[in-house]
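Observations on the model geometry
The primary structure of each chain is shown beneath.
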Amino acid sequence: MKSKGQALCKICGGDAGDLLIESIVGEFDTYDVFYCRHCGVGVTTPVPTHEDLIKLYAIGGYREKTGKRFIPFVENFILYFRHLRKNRIKKYVRAGRILDIGCGRGLFLNVMKDAGWEVAGVEFDEATASNAASYYGIEVISGEPHTWKFDPASFDVITLNHVLEHIANPKELIQSCHRLLKDGGLLVVAVPNLDGIQSWAGRKNWFHLDVPYHLHHFTDKGISSLLSAASFDIVRKRHFDLEYSPFGWLQTLLNISGVEKNMLYTFLKAPRKGIDAIIAASKKDLLLILLLVPLYTSLSMVLSLFESYIAGRGGIVEVFALKARPDDTK
Ligand SMILES: [Zn+2]
């Protein structure tokens, strides 16, 4: 099955030997995804260099200067989704101190701050971190986990929302989360599900594959064993997310139908990117999008609900896990 290259699994240190998805054209290179059966995790190969990663995430590339990424209509939905996330967390922890790792522009942390939480963020891109800090007046730092100056056991909640798949060493990051959480504290990790039905239907056309931004590709088994190995107790899993699941299907179906890859997503970007993309698009692609979006929108919702609630293989996995208290008996 292996035709070229080898990939090292950063989680077990072994060989990710199965070539799962081949020849994905992305920025800088053509990539493959190898799969480590032991860990249930896909590995993007070749791994982008440090310099390439800096270019990928630089302001203007991944997000705009204010941190806004989409047109106002979409931004309103995003704010609503951040309130839903707050409500899910409050079922486990009513109030306290929260760390959002990969906090971007800090929108979610600002929602938590308004709800009375003490908030802190980590953003790997320095300029985005400093914008978030000045825009919302919240504490946002940048840099690798070993440089963070947070006290151990100082957070009630840590969130990693669609961040872990971007990280070169996910195991180290999860261990850092464990160290920073108080006993009984909550970790919430959401990732795209490599083993979901939309992933299998799309393969290299799957919207949430997002190579080379995503260095790792987790399955339900993969993310669950990573958290369990770091001494977390999993208390809840979600496979459906209104923000990620239906749009994942919609954009994947458009990609499969031959529209230029991820074009609808690019159209929704703000402020000028979307307009520039519409102007540059071919008439064929514009016509296909106009015809197919109405058709695929309800289909995407039905497929998302089916894959999540009936098949149990949704487009994403969100895991809620508690750091065991010392007196918890196993
Ligand atoms: Zn492995």
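Just above, that's the structure.
Let me sum up the structure you'll find in this document. (Residues numbered from 1 in each chain as written. Predicted model: local features only at pLDDT ≥ 70, side-chain atom pairs only at ≥ 80, totals over all residues. Heavy atoms only, no water.)

Regarding the overall build of the chain
Within the chain, the secondary structure is distributed over eleven helices and 13 strands. In the chain, buried positions account for 54% of the 330 residues. The contacts of the chain with a sequence gap of at least 6 include a subset with a gap of at least 24, amounting to 69%. Surface accessibility of the chain: about 15,000 Å² in total, with carbon and sulfur atoms responsible for 58%. Of note, the chain has its 39 positive side-chain charges centred 4 Å away from the centre of its 36 negative side-chain charges. (Helix = DSSP H or I, 4+ residues; strand = E, 2+ residues; numbered from the N terminus. Buried < 20%, exposed > 50% of the residue type's maximum accessible area, 1.4 Å probe, protein only. Contact = heavy atoms within 4.5 Å. Areas by Shrake-Rupley, 256 points an atom, 1.4 Å probe, with all protein chains shown as cover. Lys, Arg positive; Asp, Glu negative; His and termini not counted. Charge placed at Lys NZ, Arg CZ, Asp CG, Glu CD.)

Structural notes on the side chain of Gln-251
In this structure, Gln-251 sits in helix H8 (residues 245-256). At 3.2 Å, the side chain of Gln-251 forms a polar contact with the backbone nitrogen of Leu-264. Setting aside chain neighbours within four positions, we find Gln-251 in contact with Phe-207, Asn-262, Met-263, Leu-264 and Tyr-265. (Polar contact = N/O pair within 3.5 Å; in protein donor to acceptor, adjacent residues only side chain to side chain.)

So, the environment of Ile-289
Tracing the sequence through the fold places Ile-289 in helix H11 (residues 283-310). The class for Ile-289 is buried, based on a relative accessible area of 8%. Once the C-alpha coordinates of Ile-289 and Ala-16 are considered, the two residues, 273 residues apart in sequence, prove to be 37 Å apart.

Focus: the sheet that holds strand E6 (residues 97-101)
Within the open sheet, the seven strands sit side by side as E8-E7-E6-E9-E10-E13-E12. Their pairing is mixed. Two strands bound the open sheet, and with one partner strand each, they are strand E8 (139-141) and strand E12 (232-238). Averaged over neighbouring strand pairs, the angle between their axes works out to 20° when direction is ignored. Each of E6, strand E9 (155-161), strand E10 (181-192), E12 and strand E13 (316-323) touches helix H5 (residues 170-180); the most contacted strand, E10, lies at about 150° to it. (Pairing = 2+ DSSP bridges. Axes fitted to C-alpha atoms, helices over the stretch in contact; angles between N-to-C directions.)

As for the pairing of strand E3 (residues 18-26)
Regular strands place their side chains on alternate faces of the sheet. Strand direction decides the pairing type here: E3 and strand E4 (residues 29-36), joined by six bridges, are antiparallel. Within E4, the position partnered with Ile-21 by the bridge is Val-33. Between the end of E3 and the start of E4, which pair antiparallel, lie two residues, with Phe-28 showing a positive phi angle near 75°.

A short note on the packing of helix H2 (residues 72-90) against helix H3 (residues 107-114)
Axis separation between H2 and H3 bottoms out at 9 Å; the angle between their running directions is 55°. For the element pair H2 / H3, the angle class is oblique. In this structure, H2 crosses over H3, and the sense of that crossing is right-handed. For the pair H2 and H3, contact is made by Ile-78, Leu-79, Arg-82, His-83, Arg-85, Lys-86 and Ile-89 and by Leu-107, Phe-108, Val-111 and Met-112, respectively. Residues of the contact of H2 with H3, tallied by class, amount to seven nonpolar, one polar and three charged. (Parallel < 35°, antiparallel > 145°, perpendicular 65-115°, else oblique. Left-handed = near helix turned anticlockwise from the far one by under 90°. Nonpolar A, V, L, I, M, F, W, Y, C, P; charged D, E, K, R; others polar.)

A word on the pattern of salt bridges
For the structure shown, the criterion picks out eleven salt bridges. Linking Arg-97 and Glu-118 is a salt bridge whose minimum nitrogen-to-oxygen distance equals 3.4 Å. In this pair, Arg-97 sits in strand E6 while Glu-118 sits in strand E7 (residues 118-122), placing the two residues 21 residues apart along the sequence. A residue is classified by how much of its surface remains accessible, and Arg-97, at 16% relative accessible area, is buried. (Salt bridge = Lys/Arg side-chain N within 4 Å of Asp/Glu carboxyl O.)

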